[in-house]
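In case you want the letters, here they are:
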Amino acid sequence: QVQLVESGGGLVQPGGSLRLFCAASGIFFRINAMGWYRQAPGKQRELVAASTREGTTNYADSVKGRFTISRDNAKNVVYLQMNSLKPEDTAIYYCNAVISRRIGTPPTNYWGQGTQVTVSS
């Protein structure tokens, strides 16, 4: 069984910072892409940032220059450093990983349970 467990969410004032953490556990062959998505009330889930295994990154326009995604392949973890937070960043943030359970099998999308980020004064 593969699990993604997130931590690091919370309440922060506008302009503040938070660092999200996500760890993959279980038995698998390889983690390919890892990323963070978010879903605000009444809105669709959207990509925030993603990283290939090789470290190529992709960000939503709304977070470019403020958020940084990084990962440690040896530890199967991914981080999201969020700076200069705005009220519109308020959402549930979900970790995502594309994982190959066995050699030669197609990769599968996995999701964490989500962590709440609230930006408010």
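Everything below is about the structure printed above this text.
Computed from a prediction, not measured in an experiment: that's the story for all the values here.

## Concerning the overall build of the protein
1) Next: Helix and strand counts for the protein come out as zero helices and 11 strands.
2) Next: The C-alpha radius of gyration of the protein comes to 14 Å, within 12% of the 14 Å expected for a compact globule of 121 residues.
3) Next: Dimensions of the protein along its principal axes, counting C-alpha atoms only, are 50 × 25 × 25 Å.
4) Next: The 121 residues of the protein split such that 40% are buried.
5) Next: Residue pairs at least 24 apart in sequence account for 57% of intrachain contacts in the protein once pairs closer than 6 positions are excluded.

## Comments concerning the state of the cysteines
Two cysteines joined by a covalent bond between their sulfur atoms form a disulfide.
1) Next: Taken as a whole and assessed by the stated rule, the structure comprises one disulfide.
2) Next: A disulfide bridge connects C22 with C95, and the sulfur atoms are separated by 2.1 Å. Across the disulfide from C22 to C95, rotation about the S-S bond amounts to roughly -80°, and the bridge is consequently left-handed. Linking C22 in strand β3 (residues 18-25) with C95 in strand β9 (residues 91-100), this pair joins segments that are 73 residues apart in sequence.

## So, the side chain of R38
1) Next: Note on placement: R38 falls in strand β4 (residues 30-39).
2) Next: Take R38: its relative accessible area is 6%, and that puts it in the buried class.
3) Next: Engagement of the side chain of R38 in a polar contact is seen with the side chain of S62, the distance being 3.3 Å.
4) Next: Not counting residues within four places of it along the chain, the set of residues in contact with R38 comprises Q44, R45, E46, V48, S62, V63, F67, E88, D89, A91, I92 and Y93.

## Some remarks on the packing of aromatic side chains
1) Next: By the definition in use, this model includes two aromatic pairs.
2) Next: With centroids separated by 5.5 Å and ring planes inclined at 50°, the aromatic side chains of F21 and Y79 adopt a geometry described as tilted. Of this pair, F21 sits in strand β3 while Y79 sits in strand β8 (residues 77-82), and the two are 58 residues apart along the sequence.
3) Next: Among the residues examined, Y79 registers a relative accessible area of 18% and is labelled buried.
4) Next: Measuring from centroid to centroid gives 5.0 Å for Y37 and W111, while their planes differ by 70°, and the two rings are edge-to-face. Here Y37, found in strand β4, pairs with W111, found in strand β10 (residues 108-111); they are 74 residues apart in sequence, far enough to count as distant.
5) Next: For W111, a relative accessible area of 35% gives the class partly exposed.

## Some words on the environment of G112
1) Next: Mapping G112 onto the fold places it in the loop between β10 and β11 (115-119).
2) Next: The exposure class assigned to G112 is buried, which follows from its relative accessible area of 11%.
3) Next: For G112 and I69, which are 43 residues apart along the polypeptide, the C-alpha to C-alpha distance reads 16 Å.
4) Next: What G112 contacts, discounting residues up to four positions off in sequence, is L4, E6, Y94 and C95.

Reading the values: the criteria
Numbering of residues begins from 1 in every chain and follows the order in which that chain's sequence is written. Reporting of local features is limited, given that this is a predicted model, to residues whose pLDDT is at least 70; pairs of side-chain atoms are given and counted only at 80 or more, and all residues count toward the totals for whole chains, interfaces and linings. With hydrogens and water excluded, all non-hydrogen atoms of the structure serve as input to the side-chain values. Helix numbering and strand numbering both begin at the N terminus, where a helix is a DSSP run of H or I of at least 4 residues and a strand a DSSP run of E of at least 2. The globule rule used for comparison is 2.2 Å times the number of residues to the exponent 0.38, while the radius of gyration itself is calculated over C-alpha atoms. Categorising residues by exposure relies on relative accessible area from a 1.4 Å probe, with only protein chains included: less than 20% of the type maximum marks a residue as buried, more than 50% marks it as exposed, and the intermediate range marks it as partly exposed. In this description, contact between two residues means that some pair of their heavy atoms is separated by no more than 4.5 Å. Cysteine sulfur atoms that come within 2.5 Å of each other are treated as a disulfide pair. Polar contact criterion, stated in full: a pair of N or O atoms within 3.5 Å, where within protein one must be able to donate a hydrogen and the other to accept it, and residues adjacent in sequence count only if both atoms are side-chain atoms. Any Phe, Tyr or Trp ring, taking Trp's six-membered ring, that has another such ring centre within 6.5 Å forms a pair; planes under 30 degrees apart are called stacked, those over 60 apart edge-to-face, and the others tilted.

Treat this as a map of the structure, not an account of what it does.
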